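Chain and residue survey
Read off the chains here:
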Amino acid sequence: MIEDLFFIEKQTYRRSLIHELDARVKIVVCFAVIVAIVATPYSPLVFPVAGTFAVFLLVLWLLARLSPVVYAKRLVMILPFGLFIILVQVFVQNPYYAVFTPIADLPLGLHIYRESVEFATILLLKFLVCISFIILLSSTTKVQDLLEGAGRLGLPAEFTLTLGMMIRYVYVFGYMYRKINEALATRHFGPFDSRLPYRYRLRTLAYTIGTLFIRSYEQGERTYTAMLCRGYGRESHLYIRKKPVLWRDCAFLGCGLAVAVCTPVIFWLSSIGLV
Amino acid sequence: MHLIETRNLTYTYPGNVTGLDGVNFIAPRNARIAVIGANGAGKSTLFKHFNGIFKPTSGSVLVRGEPITRENIREVRRFVGVVFQNPDDQIFSPTVEQDVAFGPINLGLDEETIHHRVEEALRVVGIEHLKDRVPHHLSGGEKKRVAIAGIIAMEPQVLVLDEPTAGLDPQGVRDLVGFINSLSRNYGMTVIFSTHDVSLVPEVADIIYVMHRGRVVAEGDCDEIFTRPDLLSSVRLDVPVLPKLISSLRDQGVDITMAYTFTEAEKQFLAAYRRNA
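Residues numbered from 1 in each chain as written. Chains lettered and ligands numbered in written order. Predicted model: local features only at pLDDT ≥ 70, side-chain atom pairs only at ≥ 80, totals over all residues. Heavy atoms only, no water.

**What to know about the sheet that holds strand β9 (residues 207-212) of chain B**
Residues and elements named next belong to chain B. Taken in spatial order, the six strands of this open sheet run β6-β7-β8-β3-β9-β10, and their pairing is mixed. Pairing within the sheet leaves two strands with one partner each, and these edge strands are β6 (80-83) and β10 (215-220). The average undirected angle you get between the axes of adjacent strands in this sheet is 15°. The strands touched by helix α6 (residues 140-152) are β6 and β7 (158-161); relative to β6, the strand with the most contacts, the crossing angle is about 170°. (Pairing = 2+ DSSP bridges. Helix = DSSP H or I, 4+ residues; strand = E, 2+ residues; numbered from the N terminus. Axes fitted to C-alpha atoms, helices over the stretch in contact; angles between N-to-C directions. Contact = heavy atoms within 4.5 Å.)

Put into structure tokens, the structure is as follows:
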């Protein structure tokens, strides 16, 4: 998991048209797409909307010149969190349908309904679109640029300062974790080494995690002291320089917002026969 | 009036461990002061009193003649900048520029002044090119410079460096020596630093304090400290290699004048060679 942190960071340092865009426009377009798909009513209308967003994502991904493996790896990491909730929907009724038609009867009085399957599929599509755009955003934008972008868009100073420190120390502890792992490996300890007794491995890992917690506590103390030395107080905030938005960024913002807004509107108008 | 003065400063850690025991220390204006001592001698503990991080168990700390109080603590911390040994303790922002700007922001400066201070601090330590980098992509020496720049940007009158050479390569140490000397020479700052690398001291210090087990056991200039090998060995230190060699040659009858820095020693060796040639 920690190594994934460095893997994600590596992707953000690549060069492409999408990578070089201002973080602000990427954040806005990403959230516009998320809001658009979430706001699309729970109906078959979601299918063409999600399809169009998938094509949009594909175009952006190709422009970002990232490997599909990057997307697949990150999707696999995130998918279990949403998949469980979506799977449960298949067995339960929901408020979006009036009539439920069982398509399979299971033991313990469980039923699979046609409408619930449709609802779960819509939910899955919404979930996939949302996380796919988050994956795109975080794979093409350096984390510090994301923070600066969010700050320039008006994220309160309390959040930017705290998130900034979190970002900094996630990497400090990432490196600390690496060093601990190297120290264990140097002395032939492997958590999955079956030649070592199970209880011994468990105990060693518990000590290691405990050490990491203690070190993080101590690091926190030292950092706070250093902050006080530099005048930390109520007015402290992260320094974010003013940065102009280039025409290229404006063009992307315009196109992105047009896709995000027009897609659900056009499909909705066509569903009611106005287009 | 001295910039920093401690009078009979005593500090006891929880668990009744003595950190400092009756320390009298004076930092005059535009001075380069080395505090030398073995591990656990109390150097870092002393430094943490200079800007009010630690409060004395007894005795007093005076900054510009005034004790540190709740009312003047922010001003004291602007006046006395402390650079910690481990830069990871001190660099807590996502980018170098943001980290260097942290202090000036806390001083309530306007954006233009903050920008100017950041640029200037980065220039002084020679890392303008690292401005947009993230700290975890930097080497130990670069991180050390960022930590120093973060303090320099607050424009303190006294710069306190805790073990500044720890973890630096020889070029890094040379750069640091030049940097400390330039702060004193060009900006009139007082620089206080701790080390147990005694060979560095003659190059960068006018005044030396020797600490052992929380006490100041000797103070003076190079002549007064490095001519006392017994004292230094009793506190787990040693005489720097150049005066040690010259002292040994003198004991063996070579007519050579004592020198402490490389340049002085080179001059004295050449003079001795010419005399004997």
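Once you've had a look at it, read on.
**Looking at the layout of surface pockets**
Rolled over the atoms, a probe with the dimensions of a water molecule shows which regions are left empty. Volume-wise, the largest pocket comes out at about 690 Å³. Looking at the largest pocket, it is lined by 30 residues, and the ones nearest its centre are His-19, Lys-142, Asp-145 and Lys-243 of chain A together with Asp-132 of chain B. Contributing elements (two or more residues each) for the lining of the largest pocket: α2 (23-39), α6 (143-152) and α9 (247-271) of chain A. Considering each element in turn, the lining of the largest pocket owes the most residues, four residues, to α6 of chain A. When the residues that make up the lining of the largest pocket are grouped by side-chain class, the tally is six nonpolar, seven polar and 17 charged. (1 Å grid on protein atoms, 1.4 Å probe; cavity = no way out; pocket = protein on both sides within 12 Å on 5 of 7 lines; lining within 4 Å. Points joined across faces, edges and corners; volume = space filled by probe spheres on them. Nonpolar A, V, L, I, M, F, W, Y, C, P; charged D, E, K, R; others polar.)

**Describing empty space enclosed by the protein**
By the definition in use, this model includes two cavities of 30 Å³ or more. The space that makes up the largest cavity amounts to roughly 80 Å³. Ile-18, Lys-26, Val-29, Cys-30, Leu-60, Phe-133, Leu-136, Leu-137, Thr-140 and Phe-252 of chain A are the residues that line the largest cavity. Listing elements by their share of the lining of the largest cavity, those giving two or more residues are α2 and α5 (114-140) of chain A. It is α5 of chain A that contributes the most residues to the lining of the largest cavity, four residues altogether. For the lining of the largest cavity, the class distribution of residues is eight nonpolar, one polar and one charged. When its volume is computed, the second largest cavity comes out at roughly 40 Å³. Looking at the second largest cavity, the residues that line it are Val-143, Gln-144, Ile-167, Arg-168 and Tyr-171 of chain A together with Ser-93, Pro-94, Val-134, Pro-135 and His-136 of chain B. Elements represented by at least two residues in the lining of the second largest cavity include exactly α6 and α7 (157-186) of chain A. For the lining of the second largest cavity, the element with the most residues is α7 of chain A, which contributes three residues. In terms of residue class, the lining of the second largest cavity is made up of six nonpolar, three polar and one charged.

**Considerations on the pattern of salt bridges**
With the rule as written, the count across this model stands at 25 salt bridges over all chains. As a salt-bridge pair, Arg-230 of chain A and Asp-99 of chain B come within 3.2 Å of each other at their nearest N and O atoms. With one member in each of two chains, Arg-230 of chain A in the loop between α8 (198-229) and α9 and Asp-99 of chain B in helix α4 (residues 96-106) form a pair that bridges those chains. The exposure class assigned to Arg-230 of chain A is buried, which follows from its relative accessible area of 0%. A salt bridge links Asp-206 of chain B to Arg-32 of chain B, with the nearest nitrogen and oxygen atoms 2.7 Å apart. Of this pair, Asp-206 of chain B sits in the loop between α8 (201-204) and β9 while Arg-32 of chain B sits in strand β3 (residues 32-36), placing them 174 residues apart in sequence. (Salt bridge = Lys/Arg side-chain N within 4 Å of Asp/Glu carboxyl O. Buried < 20%, exposed > 50% of the residue type's maximum accessible area, 1.4 Å probe, protein only.)

**Comments concerning the nonpolar core**
Nonpolar side chains tend to gather and get buried jointly when the protein is soluble and globular. Residues Ile-36, Val-100, Leu-159, Ile-208 and Phe-226 of chain B are the most contacted members of the largest nonpolar core, which totals 60 residues. Excluding residues within four positions of it along the chain, Ile-36 of chain B makes contact with Lys-43, Thr-195, Val-198, Val-201, Ile-208, Tyr-209, Val-210, Met-211, Phe-226, Leu-232 and Leu-237 of chain B. Core analysis: the second largest hydrophobic core is formed by 44 residues, Val-25, Ala-50, Ala-120 and Leu-137 of chain A among them. (Core = buried A, V, L, I, M, F, W, Y, C linked by side-chain atoms within 4.5 Å.)

**A word on the sheet that holds strand β4 (residues 58-63) of chain B**
All names here are of chain B. Sheet architecture is open: four strands sit in the order β2-β1-β4-β5, paired in antiparallel fashion. Unpaired on one side and paired on the other, β2 (17-27) and β5 (66-67) mark the two borders of the sheet. Where β4 meets β5, two bridges bridge the pair, whose relative direction is antiparallel. When the bridges of β5 are listed, Val-63 appears paired with Glu-66. Packing of helix α1 (residues 43-50) onto the sheet brings it into contact with β1 (4-13), β2 and β4, and relative to β1 it is tilted by some 120°.

**A few points about the pairing of β1 of chain B**
All names here are of chain B. Sheet topology note: the β1/β2 ladder contains seven bridges and is antiparallel. Within β2, the residue paired with Tyr-11 across the bridge is Leu-20. The turn joining β1 and β2, which pair antiparallel and follow one another in sequence, is formed by three residues; a positive phi near 95° is taken by Gly-15. Across five bridges, the pairing between β1 and β4 is antiparallel. Residue pairing for β4: Arg-7 is matched across the bridge by Ser-60.

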